[in-house]
Amino acid sequence: LAAAGSEGAIAVYDEATDPHRPERLSLMGDLLRALEQDEGLALHYQPKLDLATGRIDSVEALVRWRHPRLGLLPPDAFVGLAEQTGHIRRLTRWVLATGIAQASRWHAAGRDMRVSINVSARDVEDAELPRRVAALLAAHGLPAASLVLEITESALMRDPDAALPVLERLAAQGIALSIDDFGVGQSSFAYLRRLPVRELKIDRAFVAPLAQSPEDRVIVRSIVELAHALGCRVTAEGVEERAALDYLATVGCDHAQGYLVARPMEAVALDAFEPDLEFAVGA
Ligand code: C2E
Ligand code: MG
Ligand code: MG
Ligand code: MG
């Protein structure tokens, strides 16, 4: 299959991913309406467990869409399409505004909670992004240190010349950059060294099978070492088993995220959420 948008690739028409199919176009029309009217879109927040303290000190914001006809849609049903059709910047603007507003509510309530927001290739290629984020932080009185932007390796590598100055400006503003799904993309270590990266998130492909797979244990341990040597913190995503959590704590991984700790939830549910005391592994 040809990767859409990659130069030199052979374009093979694939009906399943064609963004111009009528029902996809109408889905994007619905998305624009939902964004305009701020209706149906919501952020859920998945806790990240600090393995040294056993406490929840950060969350990842994950978008959901309650579509009037199709019901509750996961991001995979519309984020990729929004990327292909160019609507992603509008969606990201909504996610940033909503996530920063929620983070400032936690901040005002005295709850120390960093909020991670996922951004796409087109977002970090947008020279306006740093100013827009700064304006939102100022409007909500949120310190930049409370915000993390997550981006995948492949999104970073799409147009590095456009992304690098944007990421540097965001970093200069005090916003942390996190590499999402680390290990499954086209990582360039040279690039990693040049970027102002503060966190690596180990892809769940390596984390889920930890208990059964010596190979994955070696990979995870190596990523933790690499991250720390580069001055980054590490989160393991997709932690579903206690044995995986224990291994991650043993090798010094900083944060664990996954269904074992908690599923993504609404902000109000998070206010009442306490992690299992059993997770206070390092305390
Ligand atoms: P991601 O950023 O890597 O987010 C992690 C995904 O893994 C989430 O799926 C989360 O619900 C799921 N997950 C968490 N723990 C576990 C676990 O223990 N086991 C399993 N099997 N899955 C787990 P979700 O919410 O469906 O999001 C999928 C992807 O959609 C995200 O991957 C991210 O790339 C994208 N996405 C989500 N929200 C946004 C957004 O606001 N903007 C953009 N641009 N992309 C988003
Ligand atoms: Mg993410
Ligand atoms: Mg991820
Ligand atoms: Mg992912």
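What counts, and at which threshold
Throughout this document, residue positions are counted from 1 along each chain, in the order its sequence is written. Chain letters start at A and ligand numbers start at 1, both assigned in the order the entries are written. Confidence filtering applies because this is a predicted model: local features only for residues at pLDDT of at least 70, side-chain atom pairs given and counted only at 80 or more, and all residues used for totals across whole chains, interfaces and linings. Only hydrogens and water are set aside when side-chain values are computed; all heavy atoms of the structure are taken into account. Using a grid of 1 Å spacing that covers the protein atoms alone, one calls a set of points a cavity when a 1.4 Å probe fits there but cannot get out, and a pocket when the set is open and has protein on both sides within 12 Å along at least five of seven lines; lining residues are those with an atom within 4 Å of a point. Grid points are joined across faces, edges and corners, and a volume is the space filled by probe spheres set on the points. Going along the chain from the N terminus, every DSSP run of H or I of four or more residues is numbered as a helix, and every run of E of two or more is numbered as a strand. Lys, Arg, Asp and Glu make up the charged group, whereas Ala, Val, Leu, Ile, Met, Phe, Trp, Tyr, Cys and Pro make up the nonpolar group; the residues left over, Gly among them, are polar. Between buried and exposed lies partly exposed: a residue is buried under 20% and exposed over 50% of the maximum accessible area for its type, with that area taken using a 1.4 Å probe on protein chains only. As a rule, N, O and S atoms within 2.8 Å of a metal are its donors, except that Na, K and Ca use 3.2 Å; water is not among the atoms, so sites may look incomplete. Fitted lines through C-alpha atoms serve as axes, helices being fitted only where they are in contact, and the angles separating the N-to-C directions of these axes extend from 0 to 180 degrees. To sort the angles, those under 35 degrees are grouped as roughly parallel, those over 145 as roughly antiparallel, those from 65 to 115 as roughly perpendicular, and the leftovers as oblique. Here a crossing is taken to be left-handed if its near helix is turned anticlockwise relative to the far helix by less than a right angle, and right-handed if that turn runs clockwise. Note on contacts: a residue pair is in contact if any heavy atoms of the two residues lie within 4.5 Å. Near, as used in this document, describes a residue that has one of its heavy atoms within 4 Å of the molecule or strand being considered. Distance and chemistry together define a polar contact, namely a pair of N or O atoms within 3.5 Å, with one atom able to donate a hydrogen and the other to accept it when in protein, and with adjacent residues in sequence counting only for side-chain atoms on both sides. Residue-level accessible areas treat just the shown protein chains as cover; the underlying method is Shrake-Rupley with a 1.4 Å probe. A pair of aromatic rings is counted whenever rings of Phe, Tyr or Trp (Trp by its six-membered ring) have centres within 6.5 Å, and the orientation is called stacked for planes under 30 degrees apart, edge-to-face for over 60 and tilted otherwise. Geometrically, a lysine NZ or arginine CZ counts as sitting over a ring once it is within 6 Å of the ring centre and also within 35 degrees of the ring normal. For two strands to be treated as a pair, DSSP must find no fewer than two bridges joining them. Place the viewer so that the strands point away; then a crossover is right-handed whenever the path from the first strand over the helix to the second strand goes clockwise.

If you look the chain up in an unreviewed UniProt entry, it shows as GGDEF domain-containing protein from Cognatilysobacter xinjiangensis.

Asks: Just to check I follow, could you spell out empty space enclosed by the protein for this structure?
Replies: Gaps between atoms show up when a probe of the same size as a water molecule is rolled over them. A full pass over the atoms with the stated rule returns three cavities of 30 Å³ or more. In this structure, the largest cavity occupies an estimated 90 Å³ of space. Around the largest cavity, the lining residues are Glu153, Leu156, Met157, Ile179, Phe182, Gln186, Ser187, Ser188, Phe189, Tyr191, Leu192 and Leu195. Only helix H6 (153-158), strand E6 (176-182) and helix H8 (189-194) provide two or more residues apiece to the lining of the largest cavity. Residue composition of the lining of the largest cavity, grouped by class: eight nonpolar, three polar and one charged.

Asks: I keep staring at the environment of Leu230 and nothing clicks. Help me out?
Replies: Assignment of secondary structure puts Leu230 in the loop between helix H10 (214-229) and strand E8 (233-236). The class of Leu230 is partly exposed, set by a relative accessible area of 38%.

Asks: Could you clarify how one ought to interpret the coordination of the magnesium ion (ligand 2) in this entry?
Replies: Only Glu60 (OE), Asn118 (OD1), Glu150 (OE) and Asp180 (OD) from the protein reach the magnesium ion (ligand 2) as donors, at distances of 2.0 to 2.2 Å. Mapped onto the sequence, the donors of the magnesium ion (ligand 2) take the spacing E-x57-N-x31-E-x29-D. A separation of 4.0 Å is found between the magnesium ion (ligand 2) and the magnesium ion (ligand 3), which share Asp180 as a coordinating residue. With a gap of 32 residues between them, Asn118 in strand E4 (residues 114-118) and Glu150 in strand E5 (residues 147-152) connect regions that are remote in the sequence.

Asks: I'm lost on the packing of helix H5 (residues 129-140) against helix H7 (residues 160-172) in this one. Help?
Replies: The description of two packed helices rests on the angle between their axes and on the distance between the axes. Closest axis-to-axis distance for the H5/H7 pair is 9 Å, and the angle between their directions is 25°. Taken together, H5 and H7 sit at an angle that is classed as roughly parallel. As for how H5 packs across H7, the hand of that crossing is right-handed. Residues Leu129, Pro130 and Val133 of H5 pack against Val166, Arg169 and Leu170 of H7. Looking at side-chain class alone, the contact of H5 with H7 contains five nonpolar, no polar and one charged residues.

Asks: Which parts of the structure should I look at to understand the site of ligand 1?
Replies: Within the structure, ligand 1 sits among 22 residues, and Arg64, Asn118, Asp180, Glu240 and Tyr259 are positioned closest to it. Between Arg204 and ligand 1, the recorded distance is 3.0 Å, taken from a side-chain N or O atom to an oxygen atom. If ligand 1 stood free it would expose 800 Å²; the protein chains cover 85% of that surface. For the shell around ligand 1, the elements supplying multiple residues, two or more each, are strand E2 (55-67) and E6.

Asks: What's the story with the packing of aromatic side chains in this structure? I'm lost.
Replies: Each aromatic ring pair is described using two quantities: the centre-to-centre distance and the angle formed by the ring planes. Enumeration over the complete set of coordinates arrives at two aromatic pairs. In this structure, Arg263 packs its charged tip against the face of Tyr259, placed 3.8 Å from the ring centre.

Asks: Is there a simple way to explain the pairing of strand E7 (residues 197-202) in this structure?
Replies: Regular strands have side chains that alternate between both faces of the sheet. Of all six residues in E7, five are buried; the element is thus mostly enclosed. The sheet contact formed by E6 and E7 spans four bridges and is parallel. In the strand pairing of E7, Ser178 is matched with Glu199. You can see the chain leave E6, run along H8 and come back into E7, and the turn it takes is right-handed. Summarising the sheet, E7 and E8 pair through four bridges and their orientation is parallel. Paired with Glu199 across the strands is Arg233, a residue of E8.

Asks: Even after reading the chapter, I still don't get the side chain of Lys48, so can you show me in this structure?
Replies: Mapped onto the secondary structure, Lys48 falls in strand E1 (residues 41-50). Lys48 sits in the buried class, given a relative accessible area of 3%. Other than its neighbours up to four places away in sequence, Lys48 contacts Arg55, Ile56, Asp57, Ser58, Val59, Ser116, Glu199, Thr235, His255, Ala256 and Gln257.

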